[in-house]
Amino acid sequence: MMNRGSFLFVESNTTGTGELLIKQARVLGFEPYLVTRNPARYPFLKDSVAQVIEAETRSPDDLIGIAAKLSRLAGIYSSSDYFVGAASRVATEIGLPAANPEAIATCRNKWKQAAELQRQSIAIPETRLATSVRDVENILAQATLPVVVKPVSGSGSSGVRLCDSATAAIEAFESAKDVLVDQVDLASPDILIQQYVEGKEYSAEIIAYDGTLHCLGILAKHKGPPPCFVEVGHDFPAPLPEWSLKELASFAEGAVSALGLEFGPAHVEFVISERGPVIIEVNPRLAGGMIPVMLSHALGTSILDMVIRLYAGEGFTPPRASARAGAIRFRLAHISGKLKRLGFSRDSQPTVAEAGRLKSEGEDVEINGDFRDRVAYAIGVADELNVAAAAAERMIDSVVIDIEAAGEQDDKQVAGPGQARWNLHPEAMKLLAPPIELSRDGRLLHYQAAIDEAHLVMLADQDLVCQGDAADLLKHILDLQDESFQSLEGREAPRALYLAYEAELAARAGPEKAGWLHLARSRNDLNATISLMVLREAACSISQEIGTAQDALLQRVEEASRLVAPLYSQYQIALPGSPGHYLLGVFFALGRERHRLHSLLEDIRNCPMGAGAGGGTSMPIDPLKTACLLGFELPSFNSLDAVASRDHPLHGLSIFASISTLLSRVAQDLQVWTTREFALIDVPHYLAGGSSMLPQKKNPFLLEHIKGSASTVIGAYVSAATATCKAPFSNSIEASNYGCSPLKLSEEAVKRAIILTSLMVKYMSFNAKSMREHLEDGSSMTAVAAERMASRGIPFREAHTQIGEIAQRLSQDSSVAQRRSELASQLADVLPASLEECRDALQFGGGPGKPSTDDQLSVAKTHFREKELKCAGIRERWARAEMYRKQRVTELIDRHRAP
C-alpha cells in the first residue's frame, strides 16, 4: 500500500465513528496516530492500527510539538466534541486544512453560540446562563416550565435533562456541573437553562468546503423517554415533502454560516415547532451515533473517507443524491450492572446493512441517561424508508441482553398509620398483592402523584393543612416523580399500591407530615378518580390512533378511487365499485367510533375527589378546585354516585369493543382479498410471514392478529360488565377492581389492531388487473342495465326478470369475452359500454361513482380536520390543567423553601 504520510487524531469519541475513522485512514494509505492523555479511555486501542502517543491534549503547545515531529503530516482531526477545537487550532498553526478556531470555539460554547445565533435572528429557544443555584431560581421565576438544563460545553446528551419543576431543575443543574468530569475530566461550571420547545426533532448533516455548504441530508430523530434526551434512532431521509427538506436544509445551512463555519462537517440539531424550525444546537463535527455509517450505506459513498480526504487537503466532492433510505435503531441498557450476555438472536437480512455491539460482555454498565446507555445498534437500508426502519427495528428487537444488577435494593418498607395490624397472609398476598412492577404500575403511580398534588394544594389553600407541611410533602412527591418511582420497584404492596406509595412518602417526610396527606379523602374516591383518568387517557390515545388510521385511509382513497373493483354482497360480485369507495366506508365507520370516544371524554366531567368513602367529608374542602387542577370541569354532585358508578369505564369498553369489531371485519375482507382466488390486493413481505413447511407460502398473519384482538376486547367488556352487574351500588372490589382492570388489556389490544390496520392500509398494493378480470364478463353491469330499462318505462321487476333470463342462458363454458359479447348484443342500448361508465353511473345514495366519491372525500377531509382539532383541544385542556397544577405546586414549595 502506498504511504501517503501520517494523519494525527486528537483524542476520539468512544462509541461513534472514532475507531472507524482511524481504521479508514489506514485503508486510505495514511499512517494513523492517536494522541491522548489517557489511553485507557479507548478499549479499541488494544487491536488498533493506530500508533498511540500519550500527551497532555489540553495543551495546544504540546500538540504542536507532537505534530512537528511526525513525518509528512497530511492532516489533523478530532472526532471528539471536546477536542475538535484543539485539533483545529493546531492544524491552523502549522498550515494544515482546518476550520476557523474562533468559529469552533463559539460553537463549542453553547452560550456564545446561542448569543450569536440570536444576534443574527436565527430562531433558538429562550436561553439563560446559570452558574449557581441562585441563578437557577432567578431564571425559573421568570421562565415557563418545562425547561431543559444542559452543560455549556457538553456532548451526547450528557447532563441534559427536561425539568418540569424547580426542584428537578436545581438537581439537574448540580448534576450537570460534574457530568463532564466523569467523562473527560473537564469541569463544567456554566449551565444553560433553555425553554423547552415542543415538536419533532431533526438533524441536518452538512459539509462546508471552499465557501459552500453542502447538506448531505435531513434526518428524523427518535428519542428515549423524558427527562433524558437519549437518541434511540434516526431515519434518513426524514419523512417530509421534498420542498420541506430543501427549506430545512437551507435553514440549517443559515445557522452554520451565521457561526462562521466555512470548513469541515457540521451536525445541526433542530425542532419543528408550531412557529417553524428552531435551532437547538450546531456542533462543528461529524454526527455521532453511527449516523455517518448509515449515511455511507444509503448514499453509496463513504462519509468517513470524505472527511479524511478533506482534512488531508484533497478537496471535497459532494455525493450524488441517492434514492436509498436508511434507519438506525439503538438498544439501551435497562439497569446498571455487569453485562453478562449481549448478542443478536436473528441473522442479518439483506436490508440490514450493519449491526453491532457497543459494549462488551464482562463490562460494567451504568445508566447515565445519555449516549453511554447504548449497548447495540442496527442499520437498515432499503429503497423505502419504512422497509429500512422495519429492518433495523427487527434486528434491534432481537438483541439478547443479560445484566447482573449492581446490588440488591433495600426493600424495607416503613409501615403507614394503622397498616401494621393488617398483615395479609403470605399466600393471599402472593395472589392478590404482588410486588410493585413499574412496567405495570408506573402509570397508576403517575396519576396517584398528580392527585396528591391537587389534593395538597387544595388543603393548603383551605388552611386545612399547614402550608409548610404541604410544601414539604409536595417536594418529596416531585422527587418521586423525578426518580420515576424507582424506589418503589419490587416493593411489597400487601394493602395495594396506594399504601406502599404512602409508606415511601412517610419514610421520606416523616410519618407525622405524611399523615396529613389522607385528610378528607378515601381510597374509594381516590381509586374512582384514577380509573377515570386512566380511561380518559386511553380514550384520547385511541382517538389519536384512529386519526392515524383515517389519515392512512385518506391518503389511499384518491389513488384507489380511479380503479375498478368488484363490490361484493354476501361474498358474491354485485356491482363494479372501487377500492376507494370501500376505504371511505371504513373511514366514516371509524369516524363514528371516534365521535363516540369524544362524546365519552366530554361526559367525563365530574371528579370523584371529595366523595370520600361514599359519604363525603365534614371538612370544608373545595372539591371544585381539586377537580380543575386535575383537568375535570366539576366535582361530583352525589358522593355515593361518585364512588359506586362505573358506567364510564363500561361505556369506554363497549366503544373499544365496537372499534375492534369493525377492524376485525375489515381484516376479514383484506385477508380474503389476498387469496389467489380473489387476488385483489397484495401485502408486502415486511407485513407478512413465511411458512415453516411450505416454501411458496406468504401469510398475511398480521390480519389474524387484528381479528384476534377483537376477541380480547370483547372479552374485556364482558368481564367488566359481569363483575359489575352483581356488585352493590357503593364502593366494592368487584366494581372498582375487576370492573376496571380489563381496561388496560383492552386498550392495548385496540391500539394493536388500529396500528396494524394502519400499516396494512398504508402499504398494501392493489391488483388492478385482477380486479378488472373479475368484472370482465359484464354480469356485474346488469343491475344498471335493468335500472336504465326502468327509466325508459319498463317496470323494474319486468326488466329484472328479462335480464335475469338472459344471464341464465349464458354458457359458463364460453370465455369471459364471449359472455360479455353476448350480453352486449342482447342489451346493446342499456348495458354500460365500460366498467368505468357503470361504476360512475352509481353516483346516488353514496355509491362509488366519481362525483359521489369526490363529494364523500371532501366531507371526509372536513370530518377528519374537525376530529383532529377536537382531540387536540381535549389534550390541550388537560395540559393547561397540569401546567397550572405544577405552577401552584412550585409556588407553594418556593414560598416555604429554606433561605
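These figures come from a predicted structure and were not determined experimentally. (Residues numbered from 1 in each chain as written. Predicted model: local features only at pLDDT ≥ 70, side-chain atom pairs only at ≥ 80, totals over all residues. Heavy atoms only, no water.)

*Asks:* Please give an account of the pairing of strand E1 (residues 6-10) that cites residues and values.
*Replies:* In terms of burial, E1 is largely enclosed, as five of its five residues are buried. Burial of E1 is two-sided: the residues Ser-6, Leu-8 and Val-10 facing one way and the residues Phe-7 and Phe-9 facing the other way are all buried. In terms of strand pairing, E1 meets strand E4 (residues 73-77) through four bridges, oriented parallel. Bridged to Leu-8 within E4 is Ile-76. Pairing analysis gives five bridges linking E1 to strand E2 (residues 31-36), with the strands arranged parallel. Each residue of the ladder has a partner; that of Ser-6, found in E2, is Glu-31. (Buried < 20%, exposed > 50% of the residue type's maximum accessible area, 1.4 Å probe, protein only. Helix = DSSP H or I, 4+ residues; strand = E, 2+ residues; numbered from the N terminus. Pairing = 2+ DSSP bridges.)

*Asks:* Lay out the pattern of salt bridges with the relevant residues and their values.
*Replies:* For the structure shown, the criterion picks out 52 salt bridges. The salt bridge involving Asp-235 is made with Arg-329; its shortest N-O contact spans 3.0 Å. Note that Asp-235 is positioned in strand E11 (residues 231-236) and Arg-329 in strand E14 (residues 325-332), a separation of 94 residues in sequence. The two residues Asp-235 and Arg-329 agree in class, both being buried. Among the salt bridges present, the one from Glu-837 reaches Arg-788, with a minimum N-O distance of 2.9 Å. Of this pair, Glu-837 sits in helix H29 (residues 835-841) while Arg-788 sits in helix H26 (residues 782-791); the two residues are 49 residues apart in sequence, bridging distant segments of the chain. (Salt bridge = Lys/Arg side-chain N within 4 Å of Asp/Glu carboxyl O.)

*Asks:* Tell me about the nonpolar core, and please be specific about residues and values.
*Replies:* By size, the foremost hydrophobic cluster in this structure holds 117 residues, and its most contacted members are Tyr-501, Leu-630, Phe-656 and Ile-659. For this core, the element with the most residues is helix H17 (residues 523-561), which contributes 17 residues. Setting aside residues no more than four positions away along its own chain, Ile-659 makes contact with Ile-542, Ile-546, Glu-593, Leu-597, Val-750 and Ile-754. Counting residues in each nonpolar core, the second largest holds 73 residues, with Ala-220, Phe-236, Leu-259 and Phe-330 among its members. (Core = buried A, V, L, I, M, F, W, Y, C linked by side-chain atoms within 4.5 Å. Contact = heavy atoms within 4.5 Å.)

*Asks:* I'd like a rundown of the sheet that holds strand E7 (residues 161-163), residues and numbers included.
*Replies:* The four strands are arranged E5-E8-E6-E7 in an open sheet whose pairing can be described as antiparallel. A single partner strand is all that each edge strand has here, and the edge strands are strand E5 (127-130) and E7. In this sheet, adjacent strand axes meet at a mean angle of 30° when their direction is disregarded. Bridge count for strand E6 (residues 147-151) against strand E8 (residues 191-195) is five bridges, and the pairing is antiparallel. Residue pairing across strands places Lys-150 opposite Leu-192, the latter belonging to E8. Packing of helix H5 (residues 110-119) onto the sheet brings it into contact with E5, E6 and E8, and relative to E5 it is tilted by some 150°. With respect to the sheet, helix H6 (residues 133-142) is in contact with E5, E6 and E8, its orientation differing from that of E5 by roughly 160°. (Axes fitted to C-alpha atoms, helices over the stretch in contact; angles between N-to-C directions.)

*Asks:* Would you mind going over the confidence of the model for the protein in detail, with residue names and values included?
*Replies:* Confidence in the prediction of the protein, expressed as mean pLDDT, is 88, and 95% of residues score 70 or more. pLDDT under 50 marks residues 408-422. Its contacts with residues more than four places away, or in other chains, come to 17 contacts. (pLDDT = per-residue confidence, 0-100.)

*Asks:* Explain helix H8 (residues 242-258) to me, using residue names and the numbers behind them.
*Replies:* The first and last C-alpha atoms of H8 sit 24 Å apart over 17 residues, in line with the 24 Å expected at 1.5 Å per residue. What H8 keeps buried is the set Ser-244, Leu-245, Leu-248, Ala-249, Phe-251, Ala-252, Ala-255, Val-256 and Ala-258. Summarising the contacts, the buried residues of H8 are in contact with H5, strand E9 (200-209), strand E10 (212-223), strand E12 (264-273) and strand E13 (276-283). Phi for Gly-260, located one or two positions after H8, is positive at around 80°. (Expected span 1.5 Å × (residues − 1).)

*Asks:* Go over the sheet that holds strand E3 (residues 51-54), please, and point to the residues and values.
*Replies:* One open sheet holds the four strands; their spatial order is E3-E2-E1-E4, and the pairing between them is parallel. If you trace the sheet from one side to the other, it starts and ends with E3 and E4, each paired once. Between one strand and the next, the sheet's axes are offset by a mean angle of 25°, whatever the strand orientation. Contacting E1, E2 and E4, helix H1 (residues 18-27) crosses the sheet at an angle of about 150° to E2.

*Asks:* Pulling in residues and values, what's your account of the side chain of Glu-747?
*Replies:* Its location among the elements puts Glu-747 in helix H24 (residues 742-763). For Glu-747, the side chain forms a polar contact with the side chain of Arg-443, separated by 3.0 Å. Contact partners of Glu-747, with chain neighbours within four places excluded, come to Arg-443, Ala-538 and Ile-542. (Polar contact = N/O pair within 3.5 Å; in protein donor to acceptor, adjacent residues only side chain to side chain.)

*Asks:* Could you give an account of unusual backbone geometry, with specific residues and numbers?
*Replies:* With an omega dihedral of 0°, the bond running from Leu-145 to Pro-146 counts as a cis peptide bond. Looking at the element boundaries, Pro-146 is found in the loop between H6 and E6. A positive phi angle, near 65°, is found at Met-290, a position not held by glycine. By relative accessible area, Met-290 is classed as buried at 3%. Phi is positive for Gln-570, close to 55°, though the residue is something other than glycine. As for its position among the elements, Gln-570 is in the loop between strand E20 (565-569) and strand E21 (572-577). Note on Gln-570: relative accessible area 73%, which makes it exposed.

*Asks:* Got a sec to walk through the packing of aromatic side chains? Specific residues and values, please.
*Replies:* By the definition in use, this model includes 12 aromatic pairs. Relative to Phe-44, the ring of Tyr-42 lies with its centre 5.7 Å away and its plane at 45°, an arrangement referred to as tilted. Relative accessible area serves as the criterion here: at 10%, Phe-44 is assigned to the buried category. Here the aromatic rings of Tyr-202 and Phe-270 are separated by 6.0 Å at their centres, their planes lie at 20°, and the arrangement is stacked. Pair noted here: Tyr-202 is in strand E9 and Phe-270 is in strand E12, with a separation of 68 residues, a long-range link. (Phe/Tyr/Trp six-rings, centres within 6.5 Å; stacked < 30°, edge-to-face > 60°.)

*Asks:* Account for the packing of helix H22 (residues 702-725) against H24, naming residues and giving values.
*Replies:* One can describe the packing of H22 onto H24 by two numbers: an axis separation of 9 Å at closest approach and a directional angle of 155°. As judged from the angle between their axes, H22 and H24 are roughly antiparallel. In this structure, H22 meets H24 at a crossing whose hand is left-handed. Here H22 contributes Leu-702, Leu-703, His-705, Ile-706, Ser-709, Thr-712, Val-713, Ala-716, Ser-719 and Ala-720 to the contact with H24, which in turn contributes Pro-742, Leu-745, Ser-746, Ala-749, Val-750, Arg-752, Ala-753, Leu-756, Thr-757 and Met-760. (Parallel < 35°, antiparallel > 145°, perpendicular 65-115°, else oblique. Left-handed = near helix turned anticlockwise from the far one by under 90°.)

*Asks:* Break down helix H21 (residues 647-673) for me, with residues and values.
*Replies:* A rise of 1.5 Å per residue sets the reference length of H21, with its 27 residues, at 39 Å; its end C-alpha atoms lie 39 Å apart and thus fit the reference within 8%. With respect to burial, H21 is a largely interior element, 19 of its 27 residues being buried.

*Asks:* Give a description of the environment of Cys-725 that names residues and reports values.
*Replies:* Counting through the fold element by element, Cys-725 comes out in helix H22. Each C-alpha atom, one on Cys-725 and one on Ala-790, is 56 Å from the other, the two residues being 65 residues apart in sequence.

*Asks:* Which residues make up the packing of helix H14 (residues 467-482) against helix H30 (residues 850-895), and what values go with them?
*Replies:* One way to put it is that H14 packs onto H30 with a least axis distance of 8 Å and a crossing angle of 120°. On the basis of their axis angle, the class for H14 and H30 is oblique. By crossing handedness, the relation of H14 to H30 is classed as left-handed. Across the interface between the two elements, Gln-467, Ala-470, Ala-471, Leu-474, Lys-475, Leu-478 and Gln-481 of H14 pack against Lys-886, Val-889, Leu-892, Ile-893 and Arg-895 of H30. Class assignment for the residues of the contact of H14 with H30 results in seven nonpolar, two polar and three charged. (Nonpolar A, V, L, I, M, F, W, Y, C, P; charged D, E, K, R; others polar.)

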